[in-house]
Each structure stands twice: as structure tokens, then as C-alpha cells.
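Next come the chains, spelled out residue by residue.
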Amino acid sequence: MKEKNKGILFILLAGFFFASMTICSRLSGDLPTMQKAFFRNLFAAMIAGFLLLRNKKDFRYQWKYIPTLLVRSICGTIGILCNFYAIDKLVVSDANILNKISPFAALIFSFFFLKEKMKPIQLFTLLGAFIGAILVIQPSFTDFSFIPGMIGLFGGIMAGAAYTAVRYLGLKGLESMKIVFFFSLFSCLSILPFVITGYQSMSNSQFIYLILCGMFAAGGQICITKAYTYAPAKEISIYDYFQIAVSAVLGFFIFDQIPNPLGLLGYAVIFTMSFINWWNTNHATNIPH
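Source: prediction; values computed, not measured.

1. Observations regarding unusual backbone geometry
The residue Lys 115 is not glycine, and still its phi comes out positive at about 60°. Relative to the helices and strands, Lys 115 resides in the loop between helix 5 (102-113) and helix 6 (120-137). Backbone geometry at Asp 256 places phi at a positive 60°, although glycine is not the residue there. Within the secondary structure, Asp 256 is located in the loop between helix 11 (242-255) and helix 12 (261-283).

2. Notes on the pattern of salt bridges
On inspection of all chains with the given rule, the structure shows five salt bridges. One salt bridge in this structure joins Arg 60 and Asp 58, with 3.5 Å as the shortest N-O distance.

3. A look at helix 11
Over its 14 residues, helix 11 extends 19 Å from the first C-alpha to the last, a length consistent with the 20 Å expected when each residue adds 1.5 Å. For helix 11, the complete set of buried residues consists of Gln 243, Ile 244, Val 246, Ser 247 and Gly 251. Taken down its axis, helix 11 places every buried residue within 160° of arc, on the same side. The inward-facing, buried residues of helix 11 contact helix 1 (2-27), helix 4 (92-99) and helix 12. Asp 256 occupies a position one or two residues after helix 11 and carries a positive phi of about 60°.

4. Concerning the environment of Lys 172
Note on placement: Lys 172 falls in the loop between helix 7 (147-171) and helix 8 (176-197). Along the chain, Lys 172 and Ala 248 lie 76 residues apart, while their C-alpha atoms are 38 Å from each other.

5. Let's talk about the environment of Phe 124
As for its position among the elements, Phe 124 is in helix 6. Taking relative accessible area as the criterion, Phe 124 reaches 47% and is therefore assigned partly exposed. A sequence separation of 152 residues divides Phe 124 from Ile 276, and the C-alpha atoms of the two residues are 9.6 Å apart. Not counting the four nearest positions on each side in its chain, Phe 124 is found in contact with Met 273 and Ile 276.

Conventions used here
Residues numbered from 1 in each chain as written. Predicted model: local features only at pLDDT ≥ 70, side-chain atom pairs only at ≥ 80, totals over all residues. Heavy atoms only, no water. Helix = DSSP H or I, 4+ residues; strand = E, 2+ residues; numbered from the N terminus. Salt bridge = Lys/Arg side-chain N within 4 Å of Asp/Glu carboxyl O. Expected span 1.5 Å × (residues − 1). Buried < 20%, exposed > 50% of the residue type's maximum accessible area, 1.4 Å probe, protein only. Arc of directions from axis to C-beta. Contact = heavy atoms within 4.5 Å.

Spatial relationships are all this shows, so hold off on functional conclusions.
Here it is as C-alpha cells:
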């Protein structure tokens, strides 16, 4: 239990850091999404590189890992870009809850690509999570106001694909920090041409907020990595939703944002589906068959 409590503590800290990252991204103003994402990944690449050097690890990758690393990096980069776009256009807690569709998307990708079986209860929670996402997005085909929500949802799906690739690489024995470094460096390099051609000058305050955004993102990445070294995902992943509560509170006090009633219902549905998944995973042996 002591190790599990450490895992819970670190995943709660990660939730605070990631929520703070989204707030700083929003506070940085109307800057290009590519510019914001570049700063977000730059710090992660620097810290991952530093930790690899400190632990005297090399930066060589076996060719057998490269295709999956590219899938992880491409899907992860698309996911981050969609998430940052949604953060700028939606209530920040809405953007964050749509990003939390990723575990359910990972179920689908794991079923098709990792051949992991999907239980009926997982199909039920998958459908429930999708309904919850629709309640948050609230699509209206009379205008295009639902587009940012759909982009945020797509970002969550891409994140799910990226996590599936990470799981595959982990099962094959590639250490997590090398995965983080490859992804962060790939993301920065792929985004850089767009940052250069579409660069928008920043005020001092905008620059500071982007620096903070990158630092909070790196802190969140480190904390969530440590959390899963202390306890398995099935035992502590439910606590990742603490980020939604933090972003909702910060969004209210800083931006005066209040999710509408249907959106709150969507939060409740997605959280309930996550709780059912978590409960089933941790207590499956106690459930009569």
C-alpha cells in the first residue's frame, strides 16, 4: 500500500501540472497552435535527454523499434496539436475531458493491433464514453461551433493510438525515457518548419507563459512516469481524472468559465465509465461469471 500511495500522490501531482499547463497555454493568448506545441515538447525533450545522459544511456535505437516509434510520435504530435487547439477554443475543462477519451480509444487500437481481447463490460464503457463526449461537444449542424470539440475528441483518439504504441514498445523492452526523448524530439523537429514560417512575435508575458507551459508539461510527464513505476495503471489510472477537477476550478477562477449542464453531464458519464472500467479491472476476480 505504501508504494501504491506514492503512485497516487504522483498521479495527482501530474494532474495538477497538466491542468496548469493548459491554463498557461490559454493565458499565452492568441499565438499559433504550432508555436505553443513546440514549447510544450521542447522542455520534455531537454529533460528526457538530460536524464538519459545522467544515467549514462546511449541515444541509439534498434531499427526494429523505429516504425512503432514513428507511429507513436506522429499520432502523439497530432494529438497534442488538436488538444492545444481545443484548449484555445473551448472551456479548458471541456478540452481536457475530451482528451481523456484516450484510454477508451486505446482499447480499440489494442484490440485491433495488439490482439488484446475486449470484454463486454469494456464495450459498454466504450459506448458510454462516446455518449459522454457527444454531451460535451453538443454538435449542432446549423453552424460550425462544434468543430473545436470534434478536433479535441480527435486529439484524444490520436493520444489513444499513441499510448497503444507506447504499450507495444514497453512490452518489447524499450525503456520509457528513450520513448519520451524520441517522441519529443520528433515532435519539435516536425513542428519547427511551421513555427518558423508562421512565427508570431511574443510579448514578455506571453513568452513567460509558454516557458511555464513547457515546464508544467515536463513536470506532468515526469510525475506520471514515476506514478506508474510505483503502481500499475489498473490500480491508479482513475486518479488521472483529478486533472479535470483542477482545470475546472482554475478555469472558473481565472477565466470565469462554467461548463454548461449538458457538458457537466458528459463529464459525469465519462468519469462513470472510467470508474466502471477501473473497478472491473481491479475486482474482476471477485465478480461472478
